[in-house]
Amino acid sequence: MSARTFTTLFVALLGLALLSAPVSAQNVPYQRLVNAGNTPQDWLTYNGNYNSQRYSGLNQINRQNVAQLRPAWMYQIKKPGVFEASPVVADGVMYISEPPSTVTALDVRTGRALWTWTPQIPDNVIVIGSPPVNRGVAILDDMVFAGSIAGHLAALDAKTGVLRWDIAVDDNRKGYYLTLAPLALDGKIIVGVSGAEAGIRGFIAAYDPKTGKQLWRTYTIPGPGEPGRDSWGADSANIGGSSTWLTGSYDPTLNTLYWVTGNPGPDYDGDVRPGDNLYTCSVLALDPNTGRLKWHFQFTPHDVHDWDSNQIPILFDDNIGGRPRKLLAVANRNAFYYVLDRETGAFLSATPYAKQTWADGIDAKGRPMLKAGNDPTVDGKQVWPNLQGSANWYSPSYSPQTKLFYQFTREMSTIYYKGQAKYITGQPYTAGGGTAVNGDDAYAAIRALEGTTGKLKWEFKLLQPGMDGVLSTAGGLVFSGTEEGNFFALDAENGKPLWDMQLGGPVHANPISFGVDGKQYVAIAAGWTMYVFGLP
Amino acid sequence: MTLQHFRTFALIAAVAVASGGAAGQTFSQAAGGKQLFDALCTDCHGVNGTGDEAPAINHPLGADEAALKKIIRDGAPERGMPRVRRFTEEEVETLAVYVRTLGNGAPVKLAGDAGKGRAVYQKLDCQACHTIGGQGGVLGPELTKIGQRRAASYLKQAVLEPGSVRSKGVQGILLNGFSEYLPVSVVSKNGSETRGIRINEDSFTIQMRDANGKLYSFRKSELVNVDKQVARSLMPSYKDKLSAGDADDLVAYLVSLGASK
């Protein structure tokens, strides 16, 4: 046996051993999260890895055999609702959240529930700005962490679901609530909040995983006297929104946390909040030990179309201008694909990846060059992209194999209306809204963009704009879903369709992949069901 | 007043309404309600609520206060009414009050006679494609309660220029604003063409029914062309086949269908 043969055999055996790890392990220290890319049989964070690439290193399911993919098991949630959860898988257990805020652990071999936990949600809970959803959990050490629409964060025993602690992140009576999957770092759990349609002041906060004690809180609207406060005229800052409702990304080497922020409030009437409205519609780079802001980049200054920048920032490294760069890329809700230097926050490029009618482009400093006359009016003004954007919360994917950024792209417009703005605690503070121009007048596409430039490599058209995440895999595949209930696989190189199945309910979720007993699986929520697919 | 002047005036009025509370002025519900209604509701419900694609609402409404506010707040997607936009509770209240005032005017009398219209319907053999009370064909929308869904102006246009109106929210299958009874022509890889109306569609398949009522289901990967004829209807135009009086009678009959007696 040559050394090489032995190494190959050893790696294969090791892989098999890991794939068949006993169900009882359930201990996920921080180092496992840092090295998540080395254990693709697990899916340890919301997007699979701190870099948020939503890329699986498993290649058992590939271009040659994906046409044979079939359901392995299904799990139906216990209460109907909008099911947007992205599972976490560790050591043979899948952890999901069910709408509105239930956490359930499933046996990955069978889909049978191991435990379930439901928090107390008051009947008069305030959820303004989204359906009452939950997009997933975080795991760290022997605990699972989940937010709730009541504005709480809970820590559960990963083996049993027993509640370890439960704290109020902020006051739901003021419109604060949680829909995001928390992010577990070394000795801290990071969360953000929803509620910009109710006039909250957004923030990002870190909690001690052992006790639930708040370690720091960084507001996403500067306080009096702080830099950027003067970007809010007319005393509008304290109810200016800037929510933080999507899970961030993390670079362990730079020890930098990247978090995106939402729209200013009121959404559609900018007259009452003159200025750029920092740090709304931005990405923030934070020191995770202190919450200190390292740099920020604002995608849409003074937004009036509800174009939250709550899209996943993907981290990858590549050469730009002949030198290696550490990059951060976002396909923004405003229809531009941005590439930033994630060490410095320097703006590198922005390229439209969907139809837009509001800007002549993005200038050299990264600021949009506005076309006149696109603000909402009392009679309505039609603008591309749509109110829900050309992208939204659902995750894109980046494949290090193809160096392509895969984005479910919504091609749609909205007629934007301006209405009244009057702040009343716990009530909608939006000052208008929009009517979607949908149906046969709209469509969607999976677009493969060159990671460093945003240049379109290929697209695969879909019937209608939905809320569908993308997974790419080492098997050369891209998985995604549709509003009509299709789940499908494309060739990651050229977008050729290789497999699809109708699941009977809309896909408003992100796919993941995991392995158990030496077999690779792909999971997706659709309708009121979690589906898991494998090869025969 | 020129259009531009009118818009400027409307904007000033809007600002006045928006800042009414802060300035300590009395918030005029009727004025605010008309402004919101004219901007957001007249495209479907017609000027002053006389109806069009959506029903006339310029008559006393059966809905109680809670039901009316719910439909203003959330729409009725299953009946083709989208949630127009998110309203504050104050805006909902304002609109509800204004909508009630629309019913205070004199009822609009239709030009035609419903009884005569029924005979026109039968003479034209509309039942070949449409169903009323369980009797008739299925190629076009069921009309049993069409008077609850559409108003006279829309129905008249649908009779005279069928391609110019796009049916939505009747069958409740393809929601999200898709056209229903959409004429589609598909060509398969072997060159055969199938024409019919779209029944349902997803990103990978399409289901259709031809003029004989036969159902087809295609995978799009097996088709070389899918032609969705958005501005067309399978229904012929009756513009040159009906006298003005017959058209009015037919419309009056359709409006009467499903109307509360």
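Parameters and conventions
- Residues numbered from 1 in each chain as written.
- Chains lettered and ligands numbered in written order.
- Predicted model: local features only at pLDDT ≥ 70, side-chain atom pairs only at ≥ 80, totals over all residues.
- Helix = DSSP H or I, 4+ residues; strand = E, 2+ residues; numbered from the N terminus.
- Rg over C-alpha atoms; globule rule 2.2 N^0.38 Å.
- Buried ≥ 20, exposed ≤ 12 C-beta atoms within 10 Å, placed from the backbone.
- Contact = placed C-beta atoms within 7 Å.
- Core = buried A, V, L, I, M, F, W, Y, C linked by C-beta atoms within 7 Å.
- Domains from an automatic or database assignment.
- pLDDT = per-residue confidence, 0-100.
- Pairing = 2+ DSSP bridges.
- Axes fitted to C-alpha atoms, helices over the stretch in contact; angles between N-to-C directions.
- Parallel < 35°, antiparallel > 145°, perpendicular 65-115°, else oblique.
- Left-handed = near helix turned anticlockwise from the far one by under 90°.
- Nonpolar A, V, L, I, M, F, W, Y, C, P; charged D, E, K, R; others polar.
- Arc of directions from axis to C-beta.

### Structural notes on the overall build of chain A
- Looking only at helices and strands, one finds 2 helices and 38 strands in chain A.
- Scaling as 2.2 N^0.38, a compact globule of 536 residues should have a C-alpha radius of gyration of about 24 Å, and chain A matches this with 22 Å.
- In terms of its C-alpha atoms, chain A occupies a principal-axis envelope of roughly 75 × 50 × 45 Å.
- Within chain A, buried positions represent 59% of all 536 residues.
- Taking as baseline every contact in chain A between residues at least 6 positions apart, the subset at least 24 positions apart corresponds to 61%.

### Comments concerning the nonpolar core
- Core analysis: the biggest nonpolar cluster contains 192 residues, and Tyr95, Val137, Ile139, Val144 and Phe145 of chain A have the highest contact counts within it.
- Ranked by residues supplied to this core, first place goes to helix α9 (residues 244-256) of chain B with 7 residues.
- Counting residues domain by domain, this core receives three or more from each of domain 1 (3-102) and domain 2 (114-168 + 236-256) of chain B.
- When sequence neighbours within four positions are dropped, the list of residues in contact with Val144 of chain A reads Tyr95, Val103, Val137, Ile139, Leu156 and Ala158 of chain A.

### Details of the confidence of the model for chain B
Residues and elements named next belong to chain B.
- Mean pLDDT over chain B: 83, with 85% of residues reaching 70 or higher.
- Scored below 50 in pLDDT, residues 1-28 makes 17 contacts in the model with residues more than four places away or belonging to other chains.
- For this predicted complex, the interface score ipTM comes out at 0.91, while the overall pTM is 0.89.

### Considerations on the sheet that holds strand β6 (residues 113-117) of chain A
All names here are of chain A.
- Ordered in space as β3-β4-β5-β6, the 4 strands form an open sheet in which the pairing is antiparallel. Since the sheet does not close on itself, it has two edges, and those belong to β3 (88-90) and β6, each with one partner. On average, each strand axis in the sheet is inclined to that of its neighbour by 20°, with strand direction left out of account.
- In this sheet, strand β4 (residues 93-98) lies alongside β3 in antiparallel orientation, the contact comprising 3 bridges. Bridging from a neighbouring strand, Val89 pairs with Met94 of β4.

### Some points on the packing of helix α4 (residues 65-74) of chain B against helix α5 (residues 89-102) of chain B
Residues and elements named next belong to chain B.
- Remark: α4 packs on α5, axes separated minimally by 10 Å, with the N-to-C direction vectors making an angle of 120°. By the angle class used here, α4 and α5 are oblique. Helix-helix and strand crossings are classified by hand; for α4 and α5 the assignment is right-handed. Between α4 and α5, the residues in contact are Leu68, Lys69, Ile72 and Arg73 and Val92, Leu95, Ala96 and Val99, respectively.
- The residue makeup of the contact of α4 with α5, split by class, is 6 nonpolar, no polar and 2 charged.

### A look at helix α6 (residues 114-123) of chain B
All names here are of chain B.
- Residues Gly117, Val120 and Tyr121 constitute the buried set of α6. The buried residues of α6 occupy one face: seen down the axis, they fall within an arc of 100°. Opposite the packed face of α6, turned more than 90 degrees from it, sit the exposed residues Gly115, Gln122 and Lys123.
- Where α6 is buried, its residues touch α9.
- Once α6 ends, the next one or two residues include Asp125, with phi positive near 60°.

### Some details on the sheet that holds strand β18 (residues 293-298) of chain A
Residues and elements named next belong to chain A.
- Spatial strand order, β15-β16-β17-β18: 4 strands in an open sheet with antiparallel pairing. A strand with exactly one partner marks an edge of an open sheet, and here the two such strands are β15 (249-251) and β18. Neighbour-to-neighbour, the strand axes of this sheet turn through a mean angle of 15°, independent of strand direction.
- As defined by bridge partners, strand β16 (residues 256-260) adjoins strand β17 (residues 282-286) across 4 bridges and the pair is classed as antiparallel. Bridged to Trp259 within β17 is Leu284.

### Digging into the pairing of strand β38 (residues 529-534) of chain A
All names here are of chain A.
- Within β38, 5 of the 6 residues are buried, leaving the element largely enclosed by the surrounding structure.
- The pairing of strand β2 (residues 70-76) with β38 spans 6 bridges and is antiparallel. If you follow Pro71 over to β38, its bridge partner there is Phe533.
- Pairing geometry for strand β37 (residues 519-526) and β38, over 6 bridges, is antiparallel. Counterpart to Ala526 in the pairing with β38 is Thr529.
- Between the end of β37 and the start of β38, which pair antiparallel, lie 2 residues, with Gly527 showing a positive phi angle near 55°.

### Digging into the interface of chain A and chain B
- At the interface, 29 residues of chain A touch 28 residues of chain B.
- Taken together, the elements giving at least two residues each to the side of chain A that touches chain B come down to β29 (432-437) and β35 (497-502) of chain A.
- Take the side of chain A that touches chain B: its biggest share by element is 5 residues, from β29 of chain A.
- When its residues are assigned to classes, the side of chain A that touches chain B shows 8 nonpolar, 16 polar and 5 charged.

### Re the packing of α6 of chain B against α9 of chain B
All names here are of chain B.
- Running from amino to carboxyl end, α6 crosses α9 at an angle of 100°, the nearest separation of the two axes being 7 Å. For the element pair α6 / α9, the angle class is roughly perpendicular. Residue-level inspection shows Ala114, Lys116, Gly117, Arg118, Val120 and Tyr121 of α6 in contact with α9, the latter providing Asp246, Asp249, Leu250, Val251, Ala252, Tyr253 and Ser256.
- Looking at side-chain class alone, the contact of α6 with α9 contains 7 nonpolar, 2 polar and 4 charged residues.

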